[in-house]
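# Results of the structural survey
Here are the chains, one letter per residue:
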Amino acid sequence: MITIRSPQPLTRFSSAQTMLTAISMSAIATNGVVPAGGSYYMISRSLGPEFGGAVGLCFYLGTTFAGAMYILGTIEILLAYIFPAMAIFKAEEASEEAAAMLNNMRVYGTCVLTCMATVVFVGVKYVNKFALVFLGCVILSILAIYAGVIKSAIDPPSFPICLLGNRTLVRRGFDVCAKLVLEGNETVGSKLWELFCTSRFLNATCDEYFVRNNVSEIQGIPGAASGLIRENLWSTYLSKGVIVEKAGMPSVPLAEPFIDMEQPYVFSDMTSYFTLLVGIYFPSVTGIMAGSNRSGDLRDAQKSIPTGTIMAIATTSAVYISSVILFGACIEGVVLRDKFGEAVNGNLVVGTLAWPSPWVIVIGSFFSTCGAGLQSLTGAPRLLQAISRDGIVPFLRVFGHGKANGEPTWALLLTACICEIGILIASLDEVAPILSMFFLMCYMFVNLACAVQTLLRTPNWRPRFRYYHWTLSFLGMSLCLALMFICSWYYALVAMLIASLIYKYIEYRGAEKEWGDGIRGLSLSAARYALLRLEEGPPHTKNWRPQLLVLVRVDQEQNVVHPQLLSLTSQLKAGKGLTIVGSVLEGTFLDNHLQAQRAEESLRRLMDTEKVKGFCQVVISSRLRDGVSHLIQSSGLGGLQHNTVLVGWPRNWRQKDDHQTWRNFIELVRETTAAHLALLVTKNVAMFPGNQERFSEGHIDVWWIVHDGGMLMLLPFLLRHHKVWRKCKMRIFTVAQMDDNSIQMKKDLTMFLYHLRITAEVEVVEMHESDISAYTYEKTLVMEQRSQILKQMHLTKTEREREIQSITDESRGSIRRKNPASTRLRLSVPEEQVGDSEEKPEEEVQLIHDKEPGAFGGPQSPGEEPEPAPDKVHLTWTKEKSAAEKNKGRSPVSPESIKDFFSMKPNQSNVRRMHTAVRLNEVIVKKSQEAKLVLLNMPGPPRNRKGDENYMEFLEVLTEHLDRVMLVRGGGREVITIYS
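A short tour of the structure in this document, coming up. (Residues numbered from 1 in each chain as written. Predicted model: local features only at pLDDT ≥ 70, side-chain atom pairs only at ≥ 80, totals over all residues. Heavy atoms only, no water.)

Let us look at the pairing of strand β7 (residues 579–586). Within β7, 7 of the 8 residues are buried, which leaves it mostly tucked inside the rest of the structure. Alignment of strand β6 (residues 548–551) against β7, held across 4 bridges, turns out to be parallel. By the bridge assignment for β7, Val-550 is matched with Val-581. With 7 bridges joining them, β7 and strand β8 (residues 615–621) adopt parallel strand pairing. Each bridged residue has a counterpart across the sheet, and for Glu-586 the counterpart in β8 is Ser-621. (Buried < 20%, exposed > 50% of the residue type's maximum accessible area, 1.4 Å probe, protein only. Helix = DSSP H or I, 4+ residues; strand = E, 2+ residues; numbered from the N terminus. Pairing = 2+ DSSP bridges.)

Following this line, the structure appears as structure tokens:
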């Protein structure tokens, strides 16, 4: 045995921690049915599958190593006190005794483990039957100790200890505690003399300390009435290899102290200190979960667990504290610190104190440790089986199977194998801290679970056990954490690391379960608090990041049409923030709610595949346009709302029957502008890379026409954080006119990027004044003619496409006839009307933000002079066709309308815009043909809806011949700050 520093504080400290844990466990256990699994079940249902699995597995390992510790204790009692002759390995020298004892414990421990595992395999009913026998032995042992203490106060037992000076001697190799003995009439050296001298003769050379100090003998157990408790009350820690000495005994020290380890002294085999002793002592109070581990075998677990656990802790705490006090009052300190009983020739000190015989303690301790080992081998497999059946750890599912009656066969086999590891370690001092860490971690989370449930005040938290409070749970949790680091800080860190790895594994691969746990409730409370904080004001520009609302389209089977849009979303989320993936179904909710559910499931699966962290939302609306509007207005919650809309370009918008697709798109642009939201439009989204692709080289080109707060700069920066775009370089192009200072513009832009901490190549592109090409004139004229014709004639789809083609062919033929030798055409309008000096700056602004009411084919402003008409363009529309349409019952077309068609002229502002788009597209294609991605400013839509189709044609011309394009329109609120 080992004495401890002030034994009462340590026992009170551990007992208080276990009692607080028992109170928390009682509250959780009475809050519902507790099936098999005990502590794991309570923790997992309170803190979620991740915490439950991590702590449950740690508690399983602790219970398994506890079984190894109890088996080792059984073997130590067997070989040290009951049958010492059974030792297979024997030490030839005193220094080899410890190693020989460990080898014996390994061999016999394996045999005992096999026998115990066989008993448990046969059936738990036999373990229950043996439990009563073991309990009876323990009770008899405890009663024998108390009886022996009472007897020692009246008649102390004879228990001599031999001291040399103040040093304790090993009671082995001599029988008389004296230097000299009388043999006949001659005084010679005793056997003790021979241990310190070269011979039995008095003139022999002896050890200097032996010569200077006297030999004395004291009583090892002076009894409770001796007043010894005052001496043993204070701490006496020893270092490894130090001789156990008795304080207060006279001793003559040596001038040069030298200790020979071969001399017959009692040495300390290890360095003792308070934290170490806590780790060794704590396993004696780790049985509080034994009842909860077998909750599946209890008739009424909600009643039995609180009552049995608290009563057991109260009883054992009283026994422990009183035993420590009584041992300190009856037994000498040198005997308490003699771990292997060498000073008394290996006798069991506590057994000598017992009455009527030491064998009561010996047999009681033997059966007690056997019973504890069986209980561990019974509870640990059931705990592992409960974890396996929940399926939260995939590779442990095989251990959920067993015999037909539910006995955990495979879990028992694994438990026996892990227990064998502890037996091979063999040293109780090494095994005890390991299981202490795992037990303490389990107890800490039991207290945490009770505290969280109490503070959240969830409606389902209604425990029948009323004597609990969240402060008691927090105090118990703090004591558990303190004990972990008090016992061994490095073991504590290793245990936490193991638990963290298990937690992350379960989170990554395991449980997709919802148990209504407290962590989910805690998350809801934290989210509510954070949302309320976000309502206090708009975020600072430093905290601005794109929070995306991704609008996707689903087909008839509710599958996403363009999954590449979600790939791009995950690539953009280097800035984190919110992501909402939305879709709209046409119809009524009552008729289409099942389709909406399937669409949400499809979106979630795709989001998981593309690793998009966010939410999905499917809206059912009678009109697609209204549904998109509802998503833009109502998505998000409070301050956690989207600030950017990501949408794909409407492909084949010219071929739609009712042209509703591009009309919906333009209305979307208008709504995002009105809501001050940024807009990202991806063209040719099917060509965008997936998350598994990699660009080994290439460029991301940014065409920065108008400063929009820095949105164009931010997007490539975010994309290059993703592995797909990481090796792409960033290039920035800006457009300058002839009268601009291109060199100064490049310097200013380079300095601006430097302050933004963005690395990019800068190039200033000069656009020279040039004549408006025939292609520009043709595109403008065809665009306007088609728009006017389709508005006034109700043709079928086939006829509509044929008329459009006819208009295009005739227009091209007219242009060729007028300019047979040149591909360029100068309009027959005055030069100042094409683009005078007052309109040039306005043209640049109109590219991005249209401020003219007549933009893209809108009406002229009041009082504006009509523009001169160009040459006539011959249409293929005739009076015969008009008469045929009348005969079909179609709406008639008046001669005046036909005359208007023939006298049609292109809107001059549309010509200028189309010319700008054509010229800019030529430059972009020339510079960025090989770029992996092109980003450019998106012009604003016309205020007058009569020019909507012209706006779509303008964007089509601006971005044609480019593979991957992203049109970016800032919302006005996003700003990249140059300050860190």
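Now that the structure has been shown, we can carry on.
We now examine helix α16 (residues 428–456). For α16, spanning 29 residues, the distance from its first C-alpha to its last is 42 Å, which sits close to the expected 42 Å at 1.5 Å a residue. Of all 29 residues in α16, 25 are buried; the element is thus mostly enclosed. Where α16 terminates, the next one or two residues include Arg-457, which has phi positive at roughly 55 degrees. (Expected span 1.5 Å × (residues − 1).)

In terms of nonpolar packing, the biggest core is built from 92 residues, with Met-289, Leu-440, Cys-442 and Tyr-443 touching the most fellow members. When residues in this core are grouped by element, the largest group, 18 residues, is from helix α3 (residues 49–82). (Core = buried A, V, L, I, M, F, W, Y, C linked by side-chain atoms within 4.5 Å.)

Below, the discussion takes up the pairing of strand β3 (residues 180–183). Side-chain direction in a regular strand flips from residue to residue, so the side chains alternate between the two faces of the sheet. Here β3 pairs with strand β4 (residues 186–189) via 4 bridges, running antiparallel. Within the sheet, the bridge partner assigned to Val-181 lies in β4 and is Val-188. The loop that links β3 with its antiparallel partner β4 comprises 2 residues; one of these, Gly-184, has a positive phi angle of about 70 degrees.

Turning to helix α22 (residues 624–634), its buried residues number three or more, namely Arg-625, Gly-627, Val-628, Ser-629, Leu-631 and Ile-632. Positive phi appears at Gly-636, one or two residues downstream of α22, with a value of about 90 degrees.

With that settled, consider a nonpolar patch on the surface. On the surface, Leu-481, Phe-485, Trp-489, Tyr-490 and Leu-493 cluster together into a nonpolar patch covering about 500 Å² of accessible area. Those elements that place two or more of their residues in the nonpolar patch are α17 (470–487) and α18 (489–509). Residue contributions to the nonpolar patch peak at 3 residues, all from α18. Of note, Trp-489 is situated in helix α18. Trp-489 sits in the exposed class, given a relative accessible area of 52%. (Patch = residues over 30% accessible without salt bridge, like charges linked within 9 Å, V, L, I, M, F, W, Y side chains within 5 Å. Areas by Shrake-Rupley, 256 points an atom, 1.4 Å probe, with all protein chains shown as cover. Salt bridge = Lys/Arg side-chain N within 4 Å of Asp/Glu carboxyl O.)

Right, let's get into a positive patch on the surface. Taken together, the side chains of Lys-611, Lys-613, Arg-694, Lys-723 and Arg-726 present a region of like positive charge at the surface. Relative to the helices and strands, Lys-613 is located in the loop between α21 (589–609) and β8. (Lys, Arg positive; Asp, Glu negative; His and termini not counted. Charge placed at Lys NZ, Arg CZ, Asp CG, Glu CD.)

Let's shift gears to the state of the cysteines. What the rule picks out here adds up to 2 disulfides. Two residues, Cys-162 and Cys-177, share a disulfide whose sulfurs are 2.0 Å apart. Disulfide Cys-162 to Cys-177: torsion about the S-S bond roughly 80 degrees, handedness right-handed. Residue Cys-162 is located in strand β1 (residues 160–164), and its partner Cys-177 is located in the loop between β2 (167–168) and β3; the two are separated by 15 residues in the primary sequence. When sorted by exposure, Cys-162 lands in the same class as Cys-177, which is buried. Two residues share a disulfide in this structure: Cys-197 and Cys-206, whose sulfurs sit 1.8 Å from each other. Its S-S torsion of about 110 degrees marks the bond between Cys-197 and Cys-206 as right-handed, since a negative value means left-handed. (Disulfide = S-S within 2.5 Å.)

When charged atoms on two side chains of opposite charge get close, those side chains can pair. This structure, assessed with the given rule, holds 17 salt bridges. For Arg-200, the salt bridge goes to Glu-194, with nearest N and O atoms at 3.1 Å. The residue Glu-407 makes a salt bridge to Arg-382 at a minimum N-O spacing of 2.7 Å. In this pair, Glu-407 is assigned in the loop between α14 (358–390) and α15 (409–425) and Arg-382 in helix α14, connecting sequence segments 25 residues apart. Look at Arg-382 and you get buried, because its relative accessible area is 10%. When salt bridges that share partners are traced, they join Glu-183, Glu-194 and Arg-200 into one network.

With an omega dihedral of 10 degrees, the bond running from Trp-355 to Pro-356 counts as a cis peptide bond. Secondary-structure assignment places Pro-356 in the loop between α13 (349–353) and α14. With a phi close to 60 degrees, His-676 is a non-glycine residue in the positive phi region. Here His-676 shows up in the loop between α23 (660–674) and β10 (678–683). For His-676, a relative accessible area of 41% gives the class partly exposed.

Spatially, β2-β1-β5 is the arrangement adopted by the 3 strands of the open sheet, whose pairing is antiparallel. The strands lining the two open edges of the sheet, one partner per strand, are β2 and β5 (215–219). Across 2 bridges, β1 lies against β2 in antiparallel orientation. Among the inter-strand pairings, Leu-164 is bridged to a residue of β2, identified as Arg-167.

Take the packing of aromatic side chains next. Summed over the entire model, instances satisfying the criterion amount to 19 aromatic pairs. With centroids separated by 4.5 Å and ring planes inclined at 10 degrees, the aromatic side chains of Trp-703 and Phe-733 adopt a geometry described as stacked. Residue Trp-703 is found in strand β11 (residues 699–703), and its partner Phe-733 is found in strand β12 (residues 729–736); the two are separated by 30 residues along the sequence. Across this residue pair, the class does not change: Trp-703 and Phe-733 are buried. Ring pairs connect the aromatic residues Trp-193, Phe-196, Phe-210, Tyr-265 and Phe-267, which therefore count as one cluster. The lysine or arginine in question, Arg-167, covers the ring of Tyr-209, its NZ or CZ lying 3.7 Å from the ring centre. Taking the ring centre of Tyr-265 as reference, the NZ or CZ of Arg-167 above it sits at 5.2 Å. (Phe/Tyr/Trp six-rings, centres within 6.5 Å; stacked < 30°, edge-to-face > 60°. Lys NZ or Arg CZ within 6 Å of the ring centre and 35° of its normal.)

A few words on the packing of α3 against helix α4 (residues 97–122). Running from N to C, α3 and α4 point in directions that differ by 120 degrees, and their axes come no closer than 9 Å. Taken together, the axes of α3 and α4 are oblique relative to one another. As α3 runs across α4, the sense of the crossing is right-handed. For the pair α3 and α4, the contacting residues are Ile-71, Leu-72, Ile-75, Glu-76 and Leu-79 in the first and Met-101, Asn-104, Met-105, Tyr-108, Gly-109, Val-112, Leu-113 and Met-116 in the second. Residues that form the contact of α3 with α4 fall into these classes: 10 nonpolar, 2 polar and 1 charged. (Axes fitted to C-alpha atoms, helices over the stretch in contact; angles between N-to-C directions. Parallel < 35°, antiparallel > 145°, perpendicular 65-115°, else oblique. Left-handed = near helix turned anticlockwise from the far one by under 90°. Contact = heavy atoms within 4.5 Å. Nonpolar A, V, L, I, M, F, W, Y, C, P; charged D, E, K, R; others polar.)

Remember that the coordinates give geometry; whether it matters functionally is a separate question.
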